[in-house]
Every structure is written in structure tokens, then in C-alpha cells.
Amino acid sequence: MSGLLVGSALALIPSTAIAQDTGAEDAVSEGEGNAIVVTGIRSSLQSALNEKRNADSLIEVIQAEDIGKLPDQNLAEVLENVTGVQITRTAGVGTGVQIRGTSANRVEINGVGTLGSGSGRGGINFEDVNAAIIGSVEVIKAPTADTIEGSVGGTINLRTIRPLDINDRILTVRAQGEYSELSETVTPRIAASFGNRWDVGDGEFGVVLAGSYTKQEATSLRPRVDRDGGLVENVNADVIRGGNLQDPADRPSAQDFDFVGVQFLNQERENFEFTTINIAGSLEYAPNSDLKFFIDGFYNDQERRQDSSRVQGSGVSNLLDFAVPATFDTVNFGALDGVQLGSIQVATSGVIPVNLAADPDDPNLRFSSDTGARVTENSLFRAGFEWQADKLSVRAEVSTTSSDTVNPNFSTTVNFINPNAPLNALDANGNPTSSTLNENAVPFIYDLRGNSLTFGIDFASPFAPTVADLLNPNNVAFEALQIGRDTTENSEDAFRLDLSYDTSDFVSFITSVDTGYRYSKTSSAFQDVNFSRSFGRLLDVPTGEFFADLLVPGPDNFDSFDGRELAVNNFLVIDPDRAFSDPDGTLAILQQAFVDSGANGSIGDAVASDQGFFDIDEKTHAFYAQANFEFGAIRGNVGFRYIDTSIDSLGNNVDSVTGAVTQVVTSGSYSQFLPRINLIADVTDDLVFRASFGEDVNRPSFTDLSTSVTFGTSENAAVRFGNPGLAPETVQSFDASIDWYFAPAAVLSIGVFHKDRSNLFVEQLEDVALDANGFADITDPCEGGGIFNPIAQRNTLSDQVGQGICVPIITQVNDTDNTTQTGIEVAFQYDLARFEDTLGFASGFGILANYTYQDFGGGDAVNTSASRGTDIFNAINGIYDDANFVPVTAAQGLLDFSKNAYNVTLFYEKYGISARARYTWRDAFRTLDTAAGASLNSTLGFPVVTAARGQLNGSITYDLTENIVLGVEGVNLTKSNIQQFCVNDDALLCFEGLPDRRLTFGATVRF
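Since this is a predicted model, take the numbers as computed values, not measurements.

Engineer: Teacher, can you tell me more about the overall build of the protein chain here?
Structural biologist: Check the secondary structure of the protein chain and you find eight helices and 54 strands. Here the C-alpha atoms of the protein chain give a radius of gyration of 30 Å, agreeing with the 30 Å that 2.2 N^0.38 yields for 1007 residues. Along the three orthogonal principal directions, the C-alpha set of the protein chain runs to about 100 × 60 × 55 Å. Taking all 1007 residues of the protein chain together, 59% fall into the buried category. For the protein chain, the share of sequence-separated contacts (at least 6 apart) that also reach a separation of at least 24 residues comes to 74%. Accessible surface computed for the protein chain: about 36,300 Å², of which carbon and sulfur atoms make up 53%. With 63 positive and 134 negative side-chain charges, the protein chain shows a spacing of 5 Å between the two charge centroids.

Now the structure itself:
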């Protein structure tokens, strides 16, 4: 947002600088050493506008204004205020940031690159940094030559307070509690800061320290209904599969029209618990006015624990041809690439009964407990000096950054054995045989009307279990175990030297010439450590009576968000708290259960995978040169950046026959010349025009460059392959804007941007061929496509019980055509402070608003309908012979890209009261972020579309005294839900997200 400034939760400002009820005109003052003393919302807005207006390129600035002034608790949610920025959330918590439609952005702390918890390039996770320790945020949309390469949308620089910029001692403490409505918990948030500056002889010495301890619990409910493989052709259709004509009598549920039924049901409750420790510190020493030394440090320790549960209705598709829905609705799939896909009837309510004649063990019911964590430790240190001679200035710094992550995981699934339905394949004495499955039939009821996905157990059925049955340990059987302790170690060491020479005496309009060099070495090492096994036969596993001590009731509040009547609130899971806190003890109990029960199967512990390993080193030399100019009302800079990068990727090659492991090194290199130009014209005292052109690169993630392979237990989950030959993406950016500063702390800004992207990273799916029965190959190699997954459990894609099946492959490739982005950004900022004499109390009101429109085009890469979606699209056109099927294709485009977005903030500041209400809205966007990790196969081959959504946040604080501030903040006050549609917006509803409402309350004390 042009000129938008919003505060972090902790402002590092001297207590003596606090002003009550101060007008914007005199609340910003210049102290010694040009220190900016900021007090209050209006003065913060003015300070941010001043920095933006005087910048040498297009930037946005977010400064801390005071303690407790924001409704936003993490940096992603703070950045959402900026024009052109949208965010994505996990269980309602901001975790991802898109600048101008892309997540390919660089994140720095005090100009030093940060590293993420995985193997991507996006920098530190935003939920890992408490806004309390950050003094300001700079968003660079148009880079200068000295801006480090590596972003498409922009560079986000998180800036801490500089010690020698403060005038008086800082000492503040804040204590808060956060209430999470769905989890019904209150968690603490504590932050403190100290800073001071001293005269030391002829020089100055300063220190700033800030720290925070935060616990947070966030919950989201995510129902999911899959329809792939759900086609039931009309009763008169000649259905041919593999050259064989199907008998219409085999599908007694067929109607006079084609319809799509239910293939899979999933009730997921996501629950995340964040525990975060942040420490930041800076030391500065200036022996004289020409020389300054500095040392910065940042440390983060975060544990993000997940203890989610899933209730799954599996095998539902096996009853498609026998279960007649009660109601239908017409779904129009809309158009892809200008081609109308047409409409089809979709089942919206009904029952999925137990039909022993059709299928003796389906539909079945299973309960999963996904217990995992991301435990990340980040550190960043930099040291350097700045020296100013007569006309030459020199700046040098060394830095080291690391991010080490462990992903402990202990996820389990148990199958419900319905005592009111028979088991299959019993012997003459009623005992299980080697063919008896560890599941049997359970009746379901569903109601998908009203854009809501609700389902539960059909208790009206004679086969229905009782609540007591559902909570009886004797009625569950072990089904699957996944243990993991993956490790990721990332590091970057860098050195940079920047020189600037004043040339105004030689060429009057060339004010200075800058040049510099940067060397960096970046490393990423990953080791997959896991054990995965699933079972399909009852004799292979213990029943719950042998591990009853581990079984606990699952969450019973799935209906609490919207009062839905259909939900499964009574079920058993393996205790997630125990599995997380004592994984070894939990595993020992389960292993003993296999022994005590006499089960034929067995389970083990996690071991390092030879295939799931890579170690990548990347070295980059970067040079830049830039001329800064000014003549009359026009100023700016022109320069270039040249980079030379080499990469060595170490991986393992595992012989599929002998198992022999051979280490393989894949090397590559590239260089890029990146011109950058910025022009600023002060058209009048109040009107500023900007234009810029620049080039940048976006390097592939280390995962996408690696040769490692990791398998999962799902037959529907694609295996991701790396691509060592993946080239970096390049982007050319054009910007033009005009800003009208029509009043103090006020602006109206209009800007346009255009990006031309080449070598765009796109996903390529290689699907698996299905035979006439809809089954996949279960032998290696997979002649019909995909890769053989030796540990995937065969379910609906095979009639042979066991492990091992061909699954799809996903890999990243470079798009062969360019992609373009074009957008318009509008921002408005104004307050009524100067009308105090006329309006009185009403002069405390102000408004911030912004709007972004963007569009994209081009690109050759396409998504292709999955085999279990192609049949639906062809049936719409009256084609029922798979030999004549024509797949649907559509340009992939950009993920997480919204065409329209806006936010409006109304604030009030007067009489010690500071209040905000912010409404943020973003248009529909395509994404791969779905419930329970649904694959492209589950979504008919295309990314889902998250529907347009708005969210209301708010806050109010009161200055009880000059040094004590009380405040309350709220997130998602209206409990706005999330809807995700398959293929197109408002087409087939596939997923819902029901996120938490969170309230934070507390006090800040200044000493």
C-alpha cells in the first residue's frame, strides 16, 4: 500500500518520547543523530511516507508506531496491509506472503538473507518471527543494482532498531494472553526490549536487545468430499471400458441422466500449537563521525506441533452403482482456456448404505491421528563497518545464517470394526482367515447442499454402530503407522563490500557512483528418516484391546463452528499427546501389541532412507555498478548487477535389484546480467512520479533440484521427483506510479506494473493408467506411467489386498513460453487531525485503503484432467467409450494469484484511545493447498480454486497512564469460512475450511 505504515506489536521507542493526543504535524521529530521519534498512528504514517518519498526506488515502509497498536500478531498478517500483497493462512494463522501474485520473494533481516525451515528459497517462515522484535519492515518492489538478487515480487527486509538512532533509554515489557475459540485455550505472549546509547570518550556506543516468548494454538476444521471416480452413467448409456461393454444392470443406481456421486469422505480437524522464542540484538560503536562498527544477531527457536485428526469414509466409491442419492444439483464446470466444459448432475444428499451383496466390507470407517512437528532453530549474525572519507564511503560486512529443522512425526490410523455388520471371508467357525480384511461396512449419510460439506454415520440404519460401539477399544483394528524424523540443515555464509564515490565535482548531474561485490555460499542438506507401513488383513494386526492404553476419544467439537448437524464426534484415536511426548514408548506398546495378539505383521522404527537424501552446495559471485543522478526535479539511478552461480548436487543412486548405493554428483552453473533503472520526478511539491525497469532471477528450490525420492503410504499420493536440470526463472519488471501527497500523513497513489517471466517453474504430472475395472498396475515397472511405490497401501485402485502399486509422478519443469503479469495498484490514506478545532473528538478518525488488480497471460505448460476426471468431462459430451476419451487441458497459470484484492482500515486515535478495524478481501485463486493433502487426482487433475473471501480484524488500546497501555485484539471476528471448488470457482465444492476466531488481551508497561 502506497505509504501505508502499520505498527508491530512492540515499538522500540524511548519511554520519555511517548506523547498523548499529539497531532501528526508535531509528533514526528528529528533528534540527535537524525533519530526519528515516532509516537502514535498518525506520526508513524507520516514517517513512513517521508521514507517512501525520499527513496531511490519504489518501496513500501511499515514502521512500528507504538505498543499494542495493531490487530496483527505475526508478520504475514502485518504485510497484508501493503498494496499488492496477499497472504495465505494455516489454520487461520498467516504463514505465506504473495507480493504481486507470487510467493517467490526474498526475505532479509537487516539486509542479510534468511533461510527457511525447508529446502525452498522463500526465507524464514513468517510465523517464526514475532512482530514484537521488529522495528520496521521495508518492501522493495523495484530493486536498485545493490539489491541482492532472488525475488520476483519483491524483497522484504525486516529491520530492527539501530542503537545509535535512539535518543533515550528503552525499557518495555508486554504480557498478553491469546484465546483460541475452537480449541478453547488461552496461551501466553510475552515480549520485552531494552536499548540505550552512551557517550564513550569522543565516540558513541549503543545497544538494543529485544526478546519474546510466544505460545499459540490455532485450530481449523476442514471437511472434504472427493468426487473423482464418482461418475455414474445414465441407464441408457453404452459404457465401454477397455473394449468391453458394461451391463447396465451392474449399476442399479443409474438414473435417466449422468450424475457424479461421492467417492471419499474426510472430516479433518487441524490443530497447531506454536511455541516460539525470538531474540534480537544489535551493538554499534562510532569512535568518530566518519567510522562506525556494528554487530547484529538474531535467534529463533520454534516448535510448531500438529495434532490433527481425520475421520474417513473410505471405500465409498464401491457403492456408487448401488446407492441412489436423495437429491441432485446441477454443477456447471465453467470454462477452461475458453472451452466450455458443460454441466452435470451431482449428488447432494442421501445415504451410502451397507449392501452386503454388493460389497461386504464397504463403505468403511477409519480414524487417523496426524501427530507431527516442525522444530526449527534459526540464527543470523552479521558484523561490519562503515567508513566515510572526503568523497569515498566504504561499507563491508560478513554474515552467517543457519536454519536447522527436525520434523518428528508419529501418525497412526485405526480401522473401525463395526460389531453390527459382519466381517468378510470368515471360516466355517466364524473366525478370520488370511483373506479377512481389517475393515467392514458402516452406513453413512451426507448432505452437501447449501455450499456446506456435512456427513456422518447413518444411525437410522440397522447396521449402524452405537456411540458406545464407536468408543469401545475392542472395535478398532490397527491399520497404518508413519514415523519420521526428517532433518534439514541450511546455511549461508556471505561477504559483501560496497563503495560509493561522490562525483558531483566532475559531472554535475552524476551525484555519485556505487560499486560492490558479494560472495555467498549456500548449502542445503536433507535426510529422509522414516518408517511407513499399512495393513489390509485382520490377521496381520492387533485389535484395540491390545493397545487400549493408547486409545483416547478424538475431538468432539466438529460441529462447533457452524452448528452442523451431521458430523462424527465420537471416535477413538491413538493418543496424540503421548505419541508426541513419548514416541519411543508409544512405539514399544504398539510393537508389543503385535506380539501379544499373535498378529502376522510387524512394525519398526524410523531409519534413514538412502533414496531420500541430498546435499547441495551453491556458490555465487555478484558484482554491481550504479550511477546516481540528479538534475532539477529529476533524480534516480541506472546500473547493473552481474551474477555467476555454480551448483553441486550430491545424491544417492540406489540399484533397484541389488540395493547397492552409489553417490552421484550433478553439477551446473549459470550467469546473469541484470540491468536496473529507477527514475523519480518531483513534478510539484506534492506530486511525485516514479518509473523503473529491472531484471531479477528466481532460483529453484533445493528440493526441486535434488535427486532424492520419498514414498508415502497412500495409493493416491503422487511421488515428487527433483529435476537437476531446472534452470532459474528470470523476470523483467516495469513500474510506473504517481503519488499525490495532498495533506500531512496523507497520500493518493496510483501505479501500474508489468512483469515478463521466462523459465517459469511449473508442475508436470505423469498419471497412472487404469484398466477397464479402474485398477492401477501393482507390478514394477509401471508401463502405463508413474512409478512403483513399494509401501503404498492398495485400496480402491486394486482388488488385491497388500502393499505396492503404481502411483503418479510430479516434477518441476521450466515452462517453454513466457508468462506476463500486468497490474494496477491504488492506495489512499487520510485522517482528520487538522480539523480538530472544527470536529473535536471526530478529528481522531482516519482511513487507510488500497486496491490491487492484476492479470496474467502466456505460458505453454498445461494441467491435464486426471483419468478419474476425464470420464466425467467426456460423459457431459455423450462419450462413454474410453477409447474415444479426450482429456481436458488448461494452462497452468500462476498459483495463489488473485485478480482483485483490497483492504480498508478505519482507525481512531485520540484521548489515549487507539482503535483499528481492518477488513481484508481477496479474489478467488488457484492453489494446491487442500485438506488432508489431497492430490491433483482427487481434484480431477486441476488445482482447486479457493473462493473469494474477506476477513475482519480489529484492535483497541487505552493509555491507562503515560507508561501503561491496555489492549484487546481480535482476528477473524466474523468467523469467515473458506470454500474450495474443483476445476473452477463456484463449480464443484470439494473442500471447506472453518478457521478459528482468536482474541488477544494484555498490557504493556514502559519503564
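Engineer: Quick question: what am I supposed to make of helix α5 (residues 583-597) here?
Structural biologist: Side chains of residues three or four places apart in an α-helix project in the same direction, reflecting 3.6 residues per turn. Helix length check: α5 (15 residues) gives 21 Å between terminal C-alpha atoms against 21 Å at 1.5 Å per residue, within 8%. Every buried residue of α5 is accounted for by T586, L587, L590, A593 and F594. Down the axis of α5, the buried side of the element spans an arc of 115°, and every buried residue falls inside it. Residues of α5 that are buried make contact with β24 (392-416), β27 (476-502), β30 (572-574) and α4 (576-581). Residue G598 follows α5 closely and has a positive phi angle near 70°.

Engineer: It is not clear to me how the sheet that holds strand β3 (residues 59-63) should be interpreted in this structure. Could you clarify?
Structural biologist: Across a sheet, paired strands are connected by hydrogen bonds in the backbone, their directions being either parallel or antiparallel. With mixed pairing, the five strands of this open sheet are ordered in space as β3-β8-β9-β6-β7. Of all strands in the sheet, those with a lone pairing partner are β3 and β7 (112-113), marking the two edges. By the bridge criterion, five bridges tie β3 to strand β8 (residues 136-140) in an arrangement that is antiparallel. Along β8, the bridge assignment pairs I62 with V137.

Engineer: I tried to follow the pairing of β27 on my own but got confused; where do I start?
Structural biologist: A regular strand places its side chains so that they alternate between the two faces of the sheet. Where β24 and β27 come together, 25 bridges link them in antiparallel fashion. Residue pairing across strands places D404 opposite E489, the latter belonging to β27. Two elements, β27 and strand β28 (residues 510-534), share 21 bridges in a ladder whose sense is antiparallel. Each residue of the ladder has a partner; that of A480, found in β28, is S534.

Engineer: Looking at this structure, how should I read empty space enclosed by the protein?
Structural biologist: It is a probe the size of a water molecule, rolled over the atoms, that shows where empty space is left. Following the criterion strictly, the structure yields 19 cavities of 30 Å³ or more and no others. Approximately 300 Å³ is the volume attributed to the second largest cavity. If you go around the second largest cavity, you meet 20 residues; those closest to its centre are R106, R121, E492, T522 and R699. Secondary-structure elements contributing two or more residues to the lining of the second largest cavity are β6 (106-109), β28 and β31 (607-631). A per-element tally of the lining of the second largest cavity places β28 first, with three residues.

Engineer: Can you help me understand the nonpolar core in this one?
Structural biologist: Soluble, globular proteins show a tendency: their nonpolar side chains are buried together. The biggest cluster of nonpolar side chains holds 52 residues, and the ones touching the most others in it are L365, F367, F478, F547 and I603. Setting aside residues up to four positions removed in sequence, I603 forms contacts with F478, L481, F531, F535, L587, L590, Q591 and F594.

Engineer: I keep staring at the sheet that holds strand β41 (residues 809-814) and nothing clicks. Help me out?
Structural biologist: Overall, mixed pairing links the three strands, which are arranged β35-β41-β38 in an open sheet. The sheet terminates laterally at β35 (719-721) and β38 (761-766), the two strands that pair on one side only. Ignoring strand direction, the axes of neighbouring strands in this sheet form an average angle of 30°. Bridge count for β35 against β41 is three bridges, and the pairing is parallel. Across the sheet, residue F721 finds its bridge partner in β41, namely T811.

Engineer: Mind showing me how you'd approach the confidence of the model for the protein chain here?
Structural biologist: Do not read the fine detail of predicted coordinates wherever pLDDT is low. Averaged over the protein chain, the pLDDT score is 90; the fraction of residues at 70 or greater is 95%. Here residues 67-71 scores under 50 on pLDDT; set against residues more than four positions off or in separate chains, the count is 30 contacts.

Engineer: What am I meant to see in the state of the cysteines here?
Structural biologist: Such a bond, covalent and formed between the sulfur atoms of two cysteines, is termed a disulfide. One pass over the structure, following the stated rule, counts two disulfides. At a sulfur-sulfur separation of 2.0 Å, the disulfide partner of C782 is C806. Looking down the S-S bond of the C782 and C806 bridge, the torsion is -95°, so its handedness is left-handed. Of the two residues, C782 is situated in the loop between β38 and β39 (787-793) and C806 in strand β40 (residues 803-807); the sequence distance between them amounts to 24 residues. Relative accessible area serves as the criterion here: at 13%, C782 is assigned to the buried category. A relative accessible area of 1% places C806 in the buried class. For C982, the disulfide goes to C990, at an S-S distance of 2.0 Å. Linking C982 and C990, the disulfide has an S-S dihedral of approximately -135° and is accordingly described as left-handed.

Engineer: Please explain the side chain of E992 as it appears in this structure.
Structural biologist: Position of E992 among the secondary structure elements: in strand β53 (residues 988-995). Engagement of the side chain of E992 in a polar contact is seen with the backbone nitrogen of L453, the distance being 2.8 Å. In contact with E992, other than residues within four places in its own chain, are L221, R222, P223, N451, S452, L453, R564, N977 and I978.

Engineer: How should the packing of aromatic side chains be read in this particular structure?
Structural biologist: Each pair of aromatic rings is reported with the distance of its centres and the angle of its planes. Enumeration according to the criterion identifies 28 aromatic pairs in this entry. With centroids separated by 5.6 Å and ring planes inclined at 45°, the aromatic side chains of F535 and F594 adopt a geometry described as tilted. Highlighted residues: F535 in the loop between β28 and β29 (551-553) and F594 in helix α5, separated in sequence by 59 residues. Comparing F535 with F594, the two get one shared label, buried. With a centroid separation of 6.3 Å and an interplanar angle of 40°, the aromatic rings of Y902 and Y919 are classed as tilted. Here Y902 is found in strand β46 (residues 900-910), whereas its partner Y919 is found in strand β47 (residues 913-922), with 17 residues between them in sequence.

Engineer: Just checking my understanding: could you explain the pairing of strand β51 (residues 964-971) for this structure?
Structural biologist: Across six bridges, strand β50 (residues 949-959) lies against β51 in antiparallel orientation. Note that in β51 the partner of G954 across the bridge is G970. Where β50 folds back onto β51 in an antiparallel hairpin, the turn is made up of four residues. Summarising the sheet, β51 and strand β54 (residues 998-1006) pair through eight bridges and their orientation is antiparallel. Along β54, the bridge assignment pairs V965 with T1004.

Here is what the cut-offs are and how they apply
Along each chain, residue indices are assigned from 1 in the same order as the chain's sequence is written. Local features are withheld for residues below a pLDDT of 70 in this predicted model, meaning they are given only at 70 or higher, and side-chain atom pairs are given and counted only at 80 or more; totals for whole chains, interfaces and linings count all residues. By convention in this description, side-chain values take in all heavy atoms of the structure and omit both hydrogens and water. Under the DSSP-based scheme used, a helix requires at least four consecutive residues in state H or I and a strand at least two consecutive residues in state E, with every element numbered from the N terminus. When we talk radius of gyration, it's over C-alpha atoms, and the globule rule is simply 2.2 Å times the number of residues to the 0.38. Only protein chains enter the accessibility calculation, which uses a 1.4 Å probe. A residue is then buried if its area is under 20% of the maximum for its type, exposed if over 50%, and partly exposed in between. Here, two residues are considered to be in contact whenever any of their heavy atoms come within 4.5 Å of each other. Accessible surface is estimated by sampling points in the Shrake-Rupley manner with a 1.4 Å probe; for residues, cover comes only from the protein chains shown. The sign given to each residue is positive for Lys and Arg and negative for Asp and Glu; His and the chain ends receive no count. Positions of charges follow a simple convention, taking NZ of Lys, CZ of Arg, CG of Asp or CD of Glu. Each helix should span, by expectation, one fewer than its residue count multiplied by 1.5 Å. The directions considered for the arc are those from the helix axis to the C-beta atoms. Between any two strands, pairing holds if DSSP finds at least two bridges. Cavity means a closed set of points on a 1 Å grid over the protein atoms alone, one where a 1.4 Å probe fits but cannot get out, pocket means an open set with protein on both sides within 12 Å along at least 5 of 7 lines, and lining means a residue has an atom within 4 Å of a point. Grid points are joined across faces, edges and corners, and a volume is the space filled by probe spheres set on the points. For this analysis, a nonpolar core means a set of buried residues of the types Ala, Val, Leu, Ile, Met, Phe, Trp, Tyr and Cys, connected via side-chain atoms within 4.5 Å. The axes used here are C-alpha line fits, helices contributing only the stretch in contact, and every angle between their N-to-C directions lies in the interval 0 to 180 degrees. Scored from 0 to 100, pLDDT reflects the predictor's confidence in each residue. Our working definition of a disulfide is a cysteine sulfur pair at a distance within 2.5 Å. A 3.5 Å cut-off defines polar contacts: any pair of N or O atoms within that distance qualifies, except that in protein one atom must be a possible hydrogen donor and the other a possible acceptor, and neighbouring residues in sequence count only when both atoms are side-chain atoms. Each Phe, Tyr or Trp ring, with Trp reduced to its six-membered ring, pairs with another whose centre is within 6.5 Å; inter-plane angles below 30 degrees give stacked pairs, above 60 give edge-to-face pairs, and intermediate values give tilted ones.

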